[in-house]
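Survey of secondary and tertiary structure
This is what each chain is made of:
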Amino acid sequence: MVVLLVGLSLLAVTVVRVNSVPRLMNFGNEEEGATCGWVLYSDFLMFNRDFSVNIRANNTVSVYILDEAAIKQWNTAKIVNAAWAYEDVVGDVFSEQANGRGGYAVLVYLPEDSVTAIKVVLTFSGFEKDLLIASLTIVSVSILSFVTLVIINQRNRSLINTNSKCVNTA
């Protein structure tokens, strides 16, 4: 019964997390030379579900979403090996599917020749597939176990009743 409650709780959490609060990131080089070129936004967690990337800028920019390995590669060798890349965009919305959980970061390239402001909004939606599968598996196994125990109990009672009838008639 406890396992069933755990599975139902996990399922409830999964359903509640279907739509999340958008993650808003602003970048800019308003102060000349202060943040021109590459800007790395701090790490954030991404889950195995759908997401959209909304990019709005007043100049052509490039936006890269890096996974954990690519973040390390960027920090050590300044090599861009992005999971998702949006190059030379001024504004657009892109729909994507995350393949798994993990830490990610947004890397932005701001042109150095003009004042640039950019807004990147990540919006996650849909079920976290790994949580959904885990919760449904736990609920199914616990229900199956419960039904199996009820059937075994019924058979044992039936055998006890049959044996007691045989003893009484003899």
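Heads up: these notes are all about the structure in this document. Note that the structure is a prediction, hence the values are computed from the model and not measured.

So, the overall build of the protein chain
Per the secondary structure count, the protein chain includes three helices and seven strands. Ordered by position from N to C terminus, the α and β elements of the protein chain give α-β-β-β-β-α-β-β-β-α. Put simply, the protein chain has 170 residues, and 32% of those count as buried. Summarising the internal contacts of the protein chain: among those between residues at least 6 apart in sequence, 84% fall at separations of at least 24. Looking at the protein chain as shown, the accessible area adds up to about 10400 Å², and 60% of this sits on carbon and sulfur atoms.

Structural notes on the side chain of threonine 116
With respect to the helices and strands, threonine 116 occurs in the loop between β6 (102-110) and β7 (117-125). A polar side-chain atom of threonine 116 sits 3.2 Å from a polar atom in the side chain of asparagine 59.

Looking at the pairing of strand β4 (residues 50-67)
In this structure, β4 lies alongside strand β5 (residues 84-97), joined through eleven bridges in antiparallel fashion. Within β5, the residue paired with aspartate 50 across the bridge is glutamine 97. Direction of pairing for β4 relative to β7: antiparallel, over a ladder of eight bridges. Residue alanine 57 lies in a different strand from β7, and its bridge partner there is isoleucine 118.

A closer look at the nonpolar core
Counting 22 residues, the largest nonpolar core has Met46, Phe51, Val63, Ile65 and Ile118 as the members making the most contacts within it. Listed by contribution, the elements that provide at least two residues to this core are β3 (44-46), β4, β5, β6 and β7. In terms of residue count, β4 provides more of this core than any other element does, seven residues in total. Apart from residues lying up to four places away in sequence, phenylalanine 51 is in contact with Met46, Ile65, Trp84, Phe94, Ser95, Glu96, Gln97, Ala98, Leu122, Thr123 and Phe124. Counting seven residues, the second-largest nonpolar core is a separate cluster that includes Tyr64, Leu66, Trp74 and Leu107.

Digging into the packing of aromatic side chains
For the coordinates displayed, the defined rule picks out six aromatic pairs. With centroids separated by 5.8 Å and ring planes inclined at 40°, the aromatic side chains of tryptophan 38 and tyrosine 64 adopt a geometry described as tilted. Of this pair, tryptophan 38 sits in strand β2 (residues 37-40) while tyrosine 64 sits in strand β4, and the two are 26 residues apart along the sequence. The partly exposed category is assigned to tryptophan 38, whose relative accessible area is 38%.

What counts as what
- In this numbering scheme, every chain counts its residues from 1 along its sequence in written order.
- In keeping with the predicted nature of the model, local features appear solely for residues at pLDDT of at least 70, side-chain atom pairs appear and are counted solely at 80 or more, and the whole-chain, interface and lining totals rest on all residues.
- Just so you know, side-chain values use all the structure's heavy atoms and leave hydrogens and water out.
- Put simply, DSSP marks the helices as runs of H or I at least four residues long and the strands as runs of E at least two long, and each gets a number from the N terminus on.
- Residue burial is assigned from relative accessible area. The probe radius is 1.4 Å, only protein chains are included, and a residue is buried under 20% of its type maximum, exposed over 50%, and partly exposed in between.
- Pairs of residues are marked as contacts when any of their non-hydrogen atoms sit within 4.5 Å.
- Using the Shrake-Rupley algorithm and a 1.4 Å probe, accessible areas are obtained, with residue cover drawn only from the displayed protein chains.
- Nitrogen and oxygen atoms within 3.5 Å of one another constitute a polar contact, given that in protein one can donate a hydrogen and the other can accept it, and given that sequence-neighbouring residues count only through two side-chain atoms.
- Whether two strands pair comes down to DSSP finding at least two bridges between them.
- Residue types Ala, Val, Leu, Ile, Met, Phe, Trp, Tyr and Cys, when buried and joined through side-chain atoms within 4.5 Å, form a set referred to as a nonpolar core.
- When two rings of Phe, Tyr or Trp (its six-membered ring) have centres within 6.5 Å they constitute a pair, described as stacked for plane angles under 30 degrees, edge-to-face for angles over 60, and tilted for the intermediate range.

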